[in-house]
Amino acid sequence: MSSSSSSSSSNFLFPNPSRPPAQLSPRHWPGISPSSTKVLLEVLKHNHEHWHTFFNDQHFHNHAPHRSLALWSLGADGDVIRAGYEKDCGYEKPRIVPPGKITKDNFTEHLGDERYYQAYLDFFEVSLKQDGISHTLEEYLFSPSANVGVKEGLFDEDAPQPHMLARFFSGVVHPVIHTGYGLEFGLPGMLAEGLAQTAVSRDATLPLVPAYLFDSSVYSTLNGLAESAGKALHDALGNTVSKLDAAFIESKALPKSPLNFMGDFRKQADIINPRKTRAAEEKVPTHLQDHAKAKDPHALDILGWVLKDERFATPEPDPEKREDFDECIKKHSEAILQLSRLWKLDVARLGRDKRYLEAKIEELAFLVAVMYGVGGWTGRGKKEDGSEALFNADFFLMHLVTSSAFIPSICFYISPTSQARFLQTYLTNALAYYVFRGCPPLDIVGFQTVKEPQPAGPQPHPDKSTLPSPDSQKALNPDPWLPIIQTSVVHPDEHVPKTQRSLSNWAEAFGTRRFCSAKAQNQVSTSGTGSSADVPSLEEAAASAGLGMGWGAEGVSMQGSGSTLGGENPIPIDLAGAEYLDGTVFLRAAELTAERLGRVREGEHAEFWDFKGFFEKDDGKGKVGSSRKALL
């Protein structure tokens, strides 16, 4: 290849990063410059040309370009970007010469084989250049033929089963993250790397990606299933969650056994036949229909139901199996799918109503922040010396936070049907990781009232004219996000800036959000007195943490979506302590993360993430036990 053609290819793969594609994609912080951009492109190209997507035989992922892009977008100087990359290069694995080429004809033959990473990378580079981003994503990631057996336009169990969406969510969602970086920053080279990483990853999350997702008519049918099953669910939870399975079976709204790729899809298709669905809805017992109507459950509703579900209450006694995600989803995939299917996604509205899509993304942003932040604080546990820990910064739940930042950018490039497949699978996998880590209890009230950490290290000495007063803590720390970002940019661990970038983005977008108790609102509606906003308030405590900017001011109501994106009306959710939850959850999680991992810029020692999980619960009497019974 001539130097000019090589340069042309390099410029196509790694141009200057573009502006974020979607309104909810993370913004670029001030500090970006020609020099920092030059360094960024140098390290991205070096990574592309020299390193494999895995850095060891256990398939641990190459994070070098992730850190580089996160630092650049947070306004870091080029020297910091280069230093971070050089640190990461210390453990990377050189790329492997592939045994052969990948073409359309043999695309499915070498999936999951890391030796073919470079071959898949070359393949996707050509596809992106010839067919464009959206076409490549649709054809090789979200289409039925990229996932389930398809022959002559019909599902065929004997045809190749690529399972690309299951691969996309494997490896602690790293393919989602890597691909998301390419889409957010408009870098075809990074996108090709993410898709190639997907191709050589295991289809580990296969039990969480049911085949019915790839029937184009499924979502309108599933909306009806969710309504019927939602009534059965509320009836079960209103009494005891041990009856949950029976409620699902009695309502006939959802299949008892999990739908999976390896079964006969033609038989599975019977389950989502509209005529059979209507018949199933008619068989829902009358007494179930009289209970609270869950027309459109919020993702946090479903999290609350998972938390109460006795099927997840007892930790796996074998420590080795408890630490194995494959074992977890093998055991719990059916139960998780029963709950995640209650989340309604209207494909038609996704296609015509941007606010509807953004409301669904908001639900997922709060879901992962509550899991990680509230769960990490409530389940902080004890230190080795017996003293109370500050925060359980769980390594796995943290990856849900970092990956959530890319949901808007991924959705921007794909069709409404593919958006529904992606969002549904994201929710299912997030719930699976929550179960895998031991379902940390969620003390929302305690989390929202705890005194938040303050910046460490030497502090400035305000002038007497400083607002609001020279001796006020607000004069020292008027915007708590600034010291968080500053110390994160120079932290030696590559996950820290990624986590804080994601949390700060959601704080900007949804900092003004408030929630309320669905139970309290139902009581208000029934009695006809009071207001849904008449719930206990923590405004004073929340004010000490500060609100995000809130990206929208219109207050447009999402009819039937359970959301008022950008508005002032609290969203009712079926989660204990909901009336105390608001948009400060992102800031509080970020502050606890900064203190737990160490504010190195201020002189604190760098720490690492937690792997202990949330398997031991304190019942308040010094005994370890399940938290489920107390929550019923």
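Residues numbered from 1 in each chain as written. Predicted model: local features only at pLDDT ≥ 70, side-chain atom pairs only at ≥ 80, totals over all residues. Heavy atoms only, no water.

## Examining the overall build of the chain
Secondary structure summary: the chain contains 30 helices and four strands in total. Scored against the burial criterion, the 632 residues of the chain give a buried share of 57%. Of all intrachain contacts in the chain linking residues separated by at least 6 positions in sequence, the fraction that spans at least 24 positions is 77%. With the model as given, the accessible surface of the chain reaches about 25,800 Å², and the carbon-plus-sulfur share is 52%. (Helix = DSSP H or I, 4+ residues; strand = E, 2+ residues; numbered from the N terminus. Buried < 20%, exposed > 50% of the residue type's maximum accessible area, 1.4 Å probe, protein only. Contact = heavy atoms within 4.5 Å. Areas by Shrake-Rupley, 256 points an atom, 1.4 Å probe, with all protein chains shown as cover.)

## Considering the packing of aromatic side chains
On inspection of all chains with the given rule, the structure shows 33 aromatic pairs. A centroid spacing of 5.5 Å and a plane angle of 90° characterise the contact between Phe-107 and Tyr-120, whose relative ring orientation is edge-to-face. Of this pair, Phe-107 sits in the loop between helix 4 (78-89) and helix 5 (117-131) while Tyr-120 sits in helix 5, and the two are 13 residues apart along the sequence. There is no split in this pair, since Phe-107 and Tyr-120 are both buried. (Phe/Tyr/Trp six-rings, centres within 6.5 Å; stacked < 30°, edge-to-face > 60°.)

## Focus: the nonpolar core
Counting residues in hydrophobic clusters, the biggest one holds 152 residues, and the most contacted among them are Tyr-120, Phe-124, Leu-300 and Phe-422. In terms of residues, this core owes the most to one element, helix 19 (residues 354-378), which gives 14 residues. (Core = buried A, V, L, I, M, F, W, Y, C linked by side-chain atoms within 4.5 Å.)

## What to know about the environment of Ser-73
On the secondary structure map, Ser-73 appears in helix 3 (residues 64-73). Residue Ser-73 is classed as buried on the basis of its relative accessible area, which comes to 0%. For the pair Ser-73 and Pro-30, spaced 43 residues apart in sequence, the C-alpha to C-alpha distance is 8.3 Å. Here Ser-73 is in contact with Arg-27, His-28, Trp-29, Phe-185 and Arg-501, once residues within four sequence places are set aside.

## A short note on the side chain of Thr-425
Topologically, Thr-425 is positioned in helix 22 (residues 416-436). In this structure Thr-425 comes out as buried when scored by relative accessible area, which is 1%. Within the structure, Thr-425 has its side chain in polar contact with the backbone oxygen of Arg-421 (distance 2.7 Å). (Polar contact = N/O pair within 3.5 Å; in protein donor to acceptor, adjacent residues only side chain to side chain.)

## Here's the deal with the packing of helix 19 against helix 20 (residues 395-404)
Running from amino to carboxyl end, helix 19 crosses helix 20 at an angle of 150°, the nearest separation of the two axes being 9 Å. Between helix 19 and helix 20, the crossing angle belongs to the class labelled roughly antiparallel. Judged by the sense of rotation from one axis to the other, the crossing of helix 19 with helix 20 is left-handed. When helix 19 is examined against helix 20, the residues Val-368, Met-371 and Tyr-372 are found in contact with a partner set consisting of Leu-397, Met-398, Leu-400, Val-401 and Ser-404. Each residue belonging to the contact of helix 19 with helix 20 can be placed in one class, and the counts come to seven nonpolar, one polar and no charged. (Axes fitted to C-alpha atoms, helices over the stretch in contact; angles between N-to-C directions. Parallel < 35°, antiparallel > 145°, perpendicular 65-115°, else oblique. Left-handed = near helix turned anticlockwise from the far one by under 90°. Nonpolar A, V, L, I, M, F, W, Y, C, P; charged D, E, K, R; others polar.)

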